[in-house]
Amino acid sequence: MRPAPTDTDAWHAYLAEGNARQARKRVSADVILRDQAGRILTVNPTYKEGWDLPGGMAEANESPDEAAVRELCEELGLEITVHRLLVVDWVAPHGPWDDQIAFIFDAGTLSSDLAARVRPHDDELSEAVFLSAPEAADRLRTRQRNRLNAAVRAIADGGSRYLRDGVETW
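Notes on the structure follow. (Residues numbered from 1 in each chain as written. Predicted model: local features only at pLDDT ≥ 70, side-chain atom pairs only at ≥ 80, totals over all residues. Heavy atoms only, no water.)

Turning our attention to helix 2 (residues 64-76). Here helix 2 spans 18 Å end to end across 13 residues, near enough to the 18 Å set by a 1.5 Å rise per residue. Looking at helix 2, one finds that the buried residues are Ala 67, Ala 68, Arg 70, Glu 71, Leu 72, Glu 75 and Leu 76. For helix 2, the secondary structure elements touched by its buried residues are strand 1 (26-34), strand 2 (40-45), strand 3 (55-57), strand 5 (100-109) and strand 6 (125-131). Among the residues trailing helix 2, Gly 77 stands out with phi positive, at a value near 70°. (Helix = DSSP H or I, 4+ residues; strand = E, 2+ residues; numbered from the N terminus. Expected span 1.5 Å × (residues − 1). Buried < 20%, exposed > 50% of the residue type's maximum accessible area, 1.4 Å probe, protein only. Contact = heavy atoms within 4.5 Å.)

Below you can see the structure in the form of structure tokens.
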């Protein structure tokens, strides 16, 4: 039986029970970070095959933009500002993984001096390099490549993109 909303403790317990049964989504947050030549920062993770955009998984109760800022600080020692949302991609369940929501944010352009000093700061990354968009896309797996290409289009036209499993829908 549903309690009356005026019984605050019982109402909160009722809502918490419902919350505990609802689905949880994994959330990733990556960034497009450029150097003065317009090249895109690309990283080589040590814990999985292939290259990626800098960023990572959000922790419990962490917003996607905060996750991106935290991950770049931890992995690259960079204190970035997220400027705007470029891409949201719903990723279907695959392999052992449940579905996921992947975000890509625009993190702007680094000064030449700072870009020249970008290096991995922990053992999760083996390399960090700035590449042209086509070179970066060539190193990424298909889903990430599609997100990168959508993000580049969003930067060019000032919009944002929604993808479903790596495919732009609108």
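A few words on the environment of Gly 166. Looking at the element boundaries, Gly 166 is found in the loop between strand 7 (161-164) and strand 8 (167-168). Of the residues examined, Gly 166 reaches a relative accessible area of 4% and is grouped as buried. Considering only alpha carbons, one finds Gly 166 and Ala 60, 106 residues apart in sequence, at a separation of 24 Å. With residues up to four places along the chain from it excluded, the contact list for Gly 166 reads Asp 89, Arg 143 and Asn 146.

Take the side chain of Glu 62 next. Within the fold, Glu 62 resides in the loop between strand 3 and helix 2. Of the residues examined, Glu 62 reaches a relative accessible area of 17% and is grouped as buried. Reaching out from Glu 62, the side chain makes a polar contact with the backbone nitrogen of Glu 59 at a distance of 2.8 Å. Among residues more than four places away in sequence, those in contact with Glu 62 are Met 57, Ala 67 and Arg 70. (Polar contact = N/O pair within 3.5 Å; in protein donor to acceptor, adjacent residues only side chain to side chain.)

In the structure shown here, the tally under the stated rule is 15 salt bridges. Asp 52 is the partner of Arg 141 in a salt bridge, and the nearest nitrogen-oxygen pair spans 3.9 Å. Note that Arg 141 is positioned in the loop between helix 4 (133-139) and helix 5 (142-157) and Asp 52 in the loop between strand 2 and strand 3, a separation of 89 residues in sequence. A salt bridge links Glu 71 to Arg 70; its shortest N-O distance comes to 3.2 Å. Arg 70 gets classed as buried once you look at its relative accessible area, which sits at 15%. Ionic contacts of the salt-bridge type, sharing partners, join the residues Glu 59, Glu 62, Arg 70, Glu 71 and Glu 74 into one network. (Salt bridge = Lys/Arg side-chain N within 4 Å of Asp/Glu carboxyl O.)

A few words on the nonpolar core. For soluble globular proteins, nonpolar side chains are generally found buried alongside one another. If you look at the biggest cluster of nonpolar residues, it comprises 23 residues, and the most contacted ones within it are Val 31, Leu 33, Leu 41, Leu 76, Leu 78 and Val 118. Elements supplying a minimum of two residues to this core: strand 1, strand 2, helix 2, strand 5 and strand 6. In this structure Leu 78 touches Leu 33, Leu 41, Val 69, Leu 72, Cys 73, Leu 110, Leu 114 and Val 118, once residues within four positions along its chain are discounted. Judged by nonpolar contacts, the second largest core, of 16 residues, contains Val 87, Leu 131, Ala 136 and Leu 148. (Core = buried A, V, L, I, M, F, W, Y, C linked by side-chain atoms within 4.5 Å.)

Another point: unusual backbone geometry. A positive phi is found at Asn 61, a non-glycine position, where the angle reads about 60°. Looking at the element boundaries, Asn 61 is found in the loop between strand 3 and helix 2. Note on Asn 61: relative accessible area 85%, which makes it exposed. Positive phi values are uncommon outside glycine, yet Asp 165 reaches one of about 55°. In this structure, Asp 165 sits in the loop between strand 7 and strand 8. Among the residues examined, Asp 165 registers a relative accessible area of 32% and is labelled partly exposed.

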